[in-house]
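An overview of the molecular structure
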Amino acid sequence: MGISSNLKIAEQFNIEGNPVSITEFGSGHINDTYRVSTDRAEGPEYLLQRINNFVFKDVEVLMDNIKKVTDHLQKKMTDHPDIDQKVLKIIPTKDQKLYYIDEDDKYWRLMILIKDTRSYDILETESQAEEGGRAFGNFQAMLADLDPGKIDYTIPNFCNIEFRLRNFHTALKNDIANRKKDVETEIKYILERENQMGTILQMAARGELPLRITHNDTKFNNILLDKNDKAQCVIDLDTVMPGYVAYDFGDAIRTIINRAAEDEADLSKIQLNIPLFRAYTKGYLEAAHQFLTKNEVSSLLQGVLLFPYMQSVRFLTDYLEGDTYYKIQHEHHNLQRTRAQLKLANEVELHQNELEEIIQTEAAKYTLAVDEN
Ligand code: ADP
Ligand code: GN1
Ligand code: MG
């Protein structure tokens, strides 16, 4: 069956007009995304997504979280004239459910397509980076008064490196796809550093880092920018959960600081773009200094060191397990991604003093909240 049969799925939702065309959309690694137009020229277009329920085991909890988060954001921005451009809007089904299960047990949801925007896999300018920093900083600021107890964990231990490493060791032991023999160099690099990646967890265990509502998947293509590169909306809210701000900072920097693609095959192209790092940090602290504590600022670099490493661990685990989690475009895609992220991890490790200096210079512009501990 072609994708046009998915038009029937769009009809299950409470949309304006009749759906008439559908195309594949975006470059996410998890969900299948389609753009849907209707016969109403003036009406909104829609974004139909098949939710990956191998990744998100409890779709009810997932959609409930997203509803709570988008309702909260909407309340914060009630006065905004263009609120449907600023906050994701989930369209319920005709029987008022937040998702639809089709005859093949596939899970679907529908949102308003935020018009005249685009997302970037690789950034081009400092002003994009600065806007991105402000967007994620504002996002966290607006959620700072949402009780973390009200939001469920859609994927438990999502950013917990100890959990990711445990899964990696299990994958190594089982070697189910018989690939371990081909990736000894990558395994060695990961194992050599596994004891130095727990700093954020240790700070948290000492009570130095407040648990906040964070996004947890802050790669740059999860922000929509308008044609003037002004950030419009933070999207991909599937992983909004309690977390630490260093996680969001680190994952955003992972995509922003890299001059090449996440999966670049030519490793010599993976170099740091320090001006973009500075611009993101500037924008982020401008928006987030209002709630950040000193300890949180001192944890940011740890996020930058952790995320390319953790992403490598996740990609290599999936490769060893026979590619069951991420969408892949070719047989060795997860290995190619692993190598690119390990190169990036190495680059940030080598430049960490310079990066920390930039964070401290930008943070020195503000008076930060004093830590309770
Ligand atoms: P995934 O979890 O697979 O990454 P996303 O929710 O990030 O899925 O969607 C994939 C892509 O679709 C995004 O990178 C973005 O380009 C586009 N997109 C997602 N939601 C919207 C929206 N509401 N309006 C416009 N584009 C969107
Ligand atoms: C996935 O959904 P997407 O493509 O924005 C993944 C992130 C990874 C990212 C790596 C739910 O993000 O955690 O950092 O790929 N999302 C999930 O590109 O696992
Ligand atoms: Mg995404």
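The structure under discussion appears in the preceding block.
Residue positions within a chain follow its written sequence, with the count starting from 1. To read the labels, note that chains go from A and ligands from 1, taken in the order they are written. Per-residue local features are limited, in this predicted model, to residues with pLDDT of at least 70; the limit for side-chain atom pairs, both in listing and counting, is 80 or more; totals at the level of whole chains, interfaces and linings are taken over all residues. In computing side-chain values, all of the structure's heavy atoms are included and hydrogens and water are not.

Topic: the overall build of the protein chain
Basically, it comes down to this: Working definition: helices are DSSP H or I runs of at least four residues, strands are E runs of at least two. Numbering for both runs from the N terminus. Burial classes: relative accessible area under 20% of the type maximum marks a residue as buried, over 50% as exposed, and values in between as partly exposed (1.4 Å probe, protein chains only). Residue contacts are defined here by distance: any two heavy atoms, one from each residue, within 4.5 Å place the two residues in contact. Where accessible areas are quoted, they stem from the Shrake-Rupley method and a 1.4 Å probe; at the residue level, only the protein chains shown are allowed to cover. A residue counts as positive if it is Lys or Arg and as negative if it is Asp or Glu; His and the chain ends are not included. Taken as the charge centre is NZ of Lys, CZ of Arg, CG of Asp or CD of Glu, depending on the residue.
The helix and strand inventory of the protein chain stands at 12 helices and 11 strands. Dimensions of the protein chain, computed from C-alpha atoms along their principal axes, come out at roughly 55 × 55 × 40 Å. By the burial criterion, 56% of the 373 residues in the protein chain qualify as buried. Sequence separation of at least 24 residues holds for 74% of the intrachain contacts in the protein chain that already meet a minimum separation of 6. When the accessible surface of the protein chain is split by element, carbon and sulfur atoms take 46% of a total near 17,000 Å². Charge centroids of the protein chain, computed over 44 positive and 61 negative side chains, lie 0 Å from each other.

Describing the coordination of the magnesium ion (ligand 3)
For the record, the criterion: Note on donors: an N, O or S atom is included if it sits within 2.8 Å of the metal, or within 3.2 Å for Na, K and Ca, and water is never included, so sites can look incomplete.
On the protein side, the magnesium ion (ligand 3) has Asn-222 (OD1) and Asp-236 (OD) as donor atoms, found 2.2 to 2.3 Å from it. Within this pair, whereas Asn-222 is found in the loop between strand S8 (212-214) and strand S9 (223-226), its partner Asp-236 is found in the loop between strand S10 (231-234) and strand S11 (241-243), the two being separated by 14 residues in sequence.

Let's talk about the packing of aromatic side chains
Rule in force here: What counts as a ring pair is set by centres within 6.5 Å for rings of Phe, Tyr and Trp (its six-membered ring), and what kind of pair is set by the plane angle: stacked under 30 degrees, edge-to-face over 60, tilted for all other angles. Sitting over a ring, as applied to charges here, requires NZ of Lys or CZ of Arg to be within 6 Å of the ring centre and within 35 degrees of the ring normal.
Counted under the stated rule, the structure contains 11 aromatic pairs. Residues Phe-13 and Tyr-100 carry aromatic rings whose centres are separated by 6.5 Å and whose planes lie at 70° to one another, so their mutual orientation is edge-to-face. Residue Phe-13 is located in the loop between helix H1 (7-10) and strand S1 (19-24), and its partner Tyr-100 is located in strand S5 (residues 100-101); the two are separated by 87 residues in the primary sequence. Note on Tyr-100: relative accessible area 21%, which makes it partly exposed. In this structure an aromatic cluster arises from ring pairing among Phe-249, Phe-277, Tyr-280 and Tyr-284. The ring centre of Phe-54 lies 4.2 Å from the NZ or CZ of Lys-57, which sits over that ring. Its guanidinium or amino end placed over the ring of Tyr-189, Arg-193 lies 3.7 Å from that ring's centre, counting from NZ or CZ.

Focus: a negative patch on the surface
Threshold: In this scheme, patches are assembled from residues that exceed 30% relative accessible area and form no salt bridge. Like charges are connected within 9 Å, while nonpolar side chains (Val, Leu, Ile, Met, Phe, Trp, Tyr) are connected within 5 Å. By definition here, a salt bridge exists when the distance from a side-chain nitrogen of Lys or Arg to a carboxyl oxygen of Asp or Glu is within 4 Å.
Together, Asp-58, Glu-60, Asp-64 and Asp-152 make up a region of like negative charge exposed at the surface. Mapped onto the fold, Asp-152 is located in the loop between helix H4 (126-143) and helix H5 (161-174). Asp-152 sits in the partly exposed class, given a relative accessible area of 39%.

Things to note about the pairing of strand S3 (residues 46-51)
Keep this limit in mind: A pair of strands is labelled paired if DSSP reports no fewer than 2 bridges between them.
Judged by how many residues are buried, S3 sits mostly within the fold: five of six residues are covered. Relative to S3, strand S2 (residues 32-38) is paired through five bridges, and the arrangement is antiparallel. The residue bridging Asp-32 from the neighbouring strand is Arg-50, located in S3. Pairing analysis gives six bridges linking S3 to strand S6 (residues 107-112), with the strands arranged antiparallel. Within S6, the position partnered with Tyr-46 by the bridge is Ile-112.

Quick notes on the packing of helix H6 (residues 184-193) against helix H11 (residues 333-350)
Applied cut-off: Each axis is a line fitted through C-alpha atoms, taken for helices only over the stretch in contact, and angles between the N-to-C directions span 0 to 180 degrees. Any angle that is under 35 degrees is reported as roughly parallel, and any over 145 degrees as roughly antiparallel; angles of 65 to 115 degrees are reported as roughly perpendicular and all others as oblique. Left-handed describes a crossing whose near helix is turned anticlockwise from the far helix through less than a right angle; right-handed describes the clockwise counterpart. Asp, Glu, Lys and Arg are counted as charged, while Ala, Val, Leu, Ile, Met, Phe, Trp, Tyr, Cys and Pro are counted as nonpolar; the rest, among them Gly, fall into the polar class.
Following both chains from N to C, one finds H6 and H11 inclined at 40°, their axes separated by 11 Å at the closest point. Judged by the inter-axis angle, H6 sits oblique to H11. Relative to H11, the crossing made by H6 is left-handed. In this structure, H6 contributes Glu-186, Tyr-189, Ile-190 and Arg-193 to the contact, and H11 contributes Leu-335, Thr-338, Arg-339, Leu-342, Ala-345, Asn-346 and Glu-349. The class makeup of the residues in the contact of H6 with H11 is five nonpolar, two polar and four charged.

Some points on unusual backbone geometry
You will see that Asp-105, though not glycine, has its phi angle at about 65°, which is positive. Structurally, the position occupied by Asp-105 is in the loop between S5 and S6. If you check the backbone angles, Asn-157 has positive phi at about 60° while not being a glycine. By secondary structure assignment, the location of Asn-157 is in the loop between H4 and H5. According to the relative accessible area criterion, Asn-157 is partly exposed, its value standing at 34%.

Remarks on the site of ligand 2
Spelled out, the test is: Residues are counted as near a molecule or strand when any one of their heavy atoms sits within 4 Å of it. Any N or O atom pair separated by 3.5 Å or less is treated as a polar contact, with the protein-specific requirement of one donor-capable and one acceptor-capable atom, and with residues adjacent in sequence counted only for side-chain atom pairs.
Around ligand 2 sit 17 residues, and of these His-29, Lys-219, Glu-262, Gln-311 and Tyr-325 come closest. A distance of 2.7 Å separates an oxygen atom of ligand 2 from a polar atom in the backbone of His-29. In the environment of ligand 2, an oxygen atom lies 2.7 Å from a nitrogen or oxygen atom belonging to the side chain of Lys-219. Considering ligand 2 on its own, with 440 Å² of exposed area, one finds that the protein chains cover 98% of that surface.

Function cannot be inferred from these measures alone, as they are strictly geometric.
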